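What the coordinates show
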Amino acid sequence: MTNALITGWGMYAPSRVMTNDDLAELVDTNDEWIVTRTGIRERRIAADDETTTSMSVNAARDALAVAGLDPAELDLVIVATCTPDYPLPATSVTVASALGARHAAGFDLQAACSGFLYAYATGSSFLASGMYRNVLVIGVEILSRFLDWTDRSTCVLFGDGAGAVLLQASDQHGGLLGVDLFSDGTGCEAIIVPAGGTVRPASVETVEARQHKIRMLGSEVYKYATRQMGESALAALRNAGLTVDDIDQFVFHQANLRIINSVQRQFGIPDDKTFVNIAKYGNTSAASVPMALVEAVGSGRVHPGDRVLMVAFGGGYTAGGAVIEWTADPARALLAPGEQTRMGRPQQSLAGAAV
Ligand code: ACO
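It should be emphasised that the depicted structure is a prediction, and the values quoted were computed from it without experimental measurement.

The next point concerns the site of the ligand. Around the ligand, a shell composed of 25 residues is seen, among which Thr29, Arg37, Cys113, Asn256 and Gly315 lie nearest. Interatomic distance of 3.4 Å between a side-chain N/O atom of Trp33 and a nitrogen atom of the ligand. A distance of 2.8 Å separates an oxygen atom of the ligand from a polar atom in the backbone of Gly315. Contact with the protein chains covers 73% of the free accessible surface of the ligand, which is 1000 Å². Of all the secondary structure elements, the ones that give two or more residues to the shell around the ligand are helix H2 (31-38), helix H6 (152-155), helix H8 (218-240) and helix H9 (257-267). With four residues, the top contributor of residues to the shell around the ligand is H8.

Put into structure tokens, the structure is as follows:
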């Protein structure tokens with residue numbers, strides 16, 4: 001049987017840090033409210049010249065370098081995002097060009113904050129079917145460009161970032177052990193960018209009414225997310241034939257520390273098995289799970305043979321859970337643990353890239 005193993009991983013966080021105190025200068029909020037309600041202390045904000053493509057490329061180049069794979073050997077690039085460069089064309093195509101992945105197919109996938117798990121499951125299926133051997137899966141967002149910076153109920157929650165994994169076909173045991181994907185369109189209005197699509201095409205009126213910005217019914221989403229994260233976790237475990245006790249590390253979508261803590265309490269999951277980095281990045285939507293996975297590996301929390309359960313919940317509503325068996329040697333990362341992110345490092349040059 002062909003398994004889809006993670007052989008490379010990387011992430012990118014823009015160097016500009018926006019703290020809760022910085023936000024308090026924009027809207028009527030404060031550090032204490034944000035930290036106690038969400039666990040967020042700061043978030044990264046993309047520079048004006050950064051794009052969804054450029055951030056993806058930074059994360060993807062590290063993933064390819066860790067695996068030692070020439071981009072020309074990539075068969076497919078999947079970009080999970082709800083903040084693409086353009087409505088048309090797909091961001092994955094400009095990412096593939098910028099990487100030099102000249103033989104790769106590419107498409108974008110939109111499932112809001114659950115997008116990476118949907119893309120991961122899709123990429124794994126292409127490998128399991130035998131159609132492809134090398135698939136790059138990226139979760140990336142520049143949510144800061146879709147935030148209403150006058151709306152304190154949303155602008156404090158989100159941040160920008162990118163995470164990437166390289167999936168390679170192998171006969172070795174490991175990779176995806178069980179998965180569950182979920183959607184419920186009754187949540188359509190609960191997290192929404194109301195204009196810019198076919199329902200409300202862009203117009204002067206929609207721009208003036210800030211309808212191209214994210215709106216969210218926070219407490220409704222909170223209740224649904226808390227329940228559904230648990231259900232998606234259980235469904236993925238059932239699919240893998242495993243129980244909570246079989247999992248070595250839990251990597252939850254970083255939307256709200258209280259949601260993560262609630263799922264921990266529900267299943268009795270200790271802190272040392274729960275990776276959390278929301279304080280540094282806020283909710284980076286489709287980038288959240290891969291960024292957390294990369295940092296969990298970099299901080300020595302994940303070892304070969306470990307079972308990792310990733311769970312996400314997002315707009316739509318959508319949700320997903322995936323149990324994987326980690327097989328790669330974490331020491332294959334380019335930099336020392338904790339330094340393998342691009343935080344604070346100069347942005348990689350995209351000279352010559354088709355972006
Ligand atoms: N600073 C200070 N006060 C605030 C702020 C703020 N930034 N935001 C809201 N408040 C006020 C409200 O106005 C309200 O005041 P009132 O009682 O006088 O009306 C009070 O704080 C409580 O507001 P709630 O919305 O009830 O606060 P809650 O405890 O529910 O926390 C939060 C809000 C953090 C947004 C929470 O509901 C949440 O995390 N929701 C889930 C978000 C999520 O999981 N998203 C994932 C998907 S996102 C995606 O897919 C793109």
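Now, onward.
Within the structure shown, the criterion is met by eight aromatic pairs. Look at Phe107 and Phe126: their rings are 6.4 Å apart centre to centre, the planes differ by 50°, and that puts the pair in the tilted class. Pair noted here: Phe107 is in strand E5 (residues 105-109) and Phe126 is in helix H5 (residues 115-128), with a separation of 19 residues, a long-range link. Assessed through its relative accessible area of 27%, Phe107 is described here as partly exposed. These aromatic residues form a ring-pair network of at least three members: Phe107, Phe126 and Tyr132. One Lys or Arg, Arg227, reaches over the ring of Tyr224 and ends 4.7 Å from the middle of that ring.

Attention now goes to the sheet that holds E5. Ordered in space as E1-E7-E6-E4-E5, the five strands form an open sheet in which the pairing is mixed. Each edge of the sheet is formed by a strand with only one pairing partner; in this case those strands are strand E1 (3-12) and E5. Going from strand to strand, the sheet's axes swing by 20° on average, the running direction of each strand aside. With nine bridges connecting them, strand E6 (residues 134-142) and strand E7 (residues 160-170) associate as antiparallel partners. Across the sheet, the residue bridging to Gly139 is Gly163, located in E7. Across the face of the sheet, helix H3 (residues 52-67) comes into contact with E1, E6 and E7 while running at roughly 125° to E1. Against the sheet, helix H4 (residues 91-99) makes contact with strand E4 (76-80), E5 and E6, and its axis sits at roughly 130° relative to E4, the strand it touches most.

The next subject is the packing of H8 against H9. Interaxial distance between H8 and H9 falls to 10 Å at its minimum, and their mutual angle equals 45°. For the element pair H8 / H9, the angle class is oblique. The element H8 and its partner H9 pack so that their crossing is right-handed. For the pair H8 and H9, contact is made by Tyr222, Ala225, Thr226, Met229, Gly230, Ala233 and Leu234 and by Arg258, Ile259, Ser262, Val263, Gln266 and Phe267, respectively.

Here we come to the environment of Ala128. Residue position: Ala128 is located in helix H5. Residue class for Ala128 comes out partly exposed when judged on its relative accessible area of 46%. Separated by 42 residues in sequence, Ala128 and Ser170 have C-alpha atoms that sit 9.3 Å apart.

What follows is about the environment of Leu257. Topologically, Leu257 is positioned in helix H9. As for Leu257 and Val35, which are separated by 222 residues in sequence, their C-alpha atoms are 9.1 Å apart. Setting aside residues no more than four positions away along its own chain, Leu257 makes contact with Thr38, Gly39, Val276 and Ile278.

Counting buried residues along helix H11 (residues 288-298), 11 of its 11 residues qualify, which places the element largely inside the surrounding structure. Along H11, the residues that are buried comprise Ser288, Val289, Pro290, Met291, Ala292, Leu293, Val294, Glu295, Ala296, Val297 and Gly298. Of the residues one or two after H11, Gly300 is the one with positive phi, at around 80°.

The next point concerns the state of the cysteines. Within this structure, the stated rule accounts for zero disulfides. Left unpaired, Cys82 is separated from the closest cysteine sulfur, that of Cys113, by 6.5 Å.

Right, let's talk about the packing of H3 against H4 for a bit. It is at 9 Å that the axes of H3 and H4 come closest, and there the two elements cross at 50°. The orientation of H3 with respect to H4, classified from their angle, is oblique. The hand of the H3/H4 crossing is right-handed. Residues Thr52, Thr53, Ser56, Val57, Ala60, Arg61 and Leu64 of H3 form the contact with H4, whose own contacting residues are Thr91, Thr94, Val95, Ala98 and Leu99. Classifying every residue of the contact of H3 with H4 by side-chain character gives six nonpolar, five polar and one charged.

Definitions and cut-offs
Residues numbered from 1 in each chain as written. Predicted model: local features only at pLDDT ≥ 70, side-chain atom pairs only at ≥ 80, totals over all residues. Heavy atoms only, no water. Near = heavy atom within 4 Å. Polar contact = N/O pair within 3.5 Å; in protein donor to acceptor, adjacent residues only side chain to side chain. Areas by Shrake-Rupley, 256 points an atom, 1.4 Å probe, with all protein chains shown as cover. Helix = DSSP H or I, 4+ residues; strand = E, 2+ residues; numbered from the N terminus. Phe/Tyr/Trp six-rings, centres within 6.5 Å; stacked < 30°, edge-to-face > 60°. Buried < 20%, exposed > 50% of the residue type's maximum accessible area, 1.4 Å probe, protein only. Lys NZ or Arg CZ within 6 Å of the ring centre and 35° of its normal. Pairing = 2+ DSSP bridges. Axes fitted to C-alpha atoms, helices over the stretch in contact; angles between N-to-C directions. Contact = heavy atoms within 4.5 Å. Parallel < 35°, antiparallel > 145°, perpendicular 65-115°, else oblique. Left-handed = near helix turned anticlockwise from the far one by under 90°. Disulfide = S-S within 2.5 Å. Nonpolar A, V, L, I, M, F, W, Y, C, P; charged D, E, K, R; others polar.

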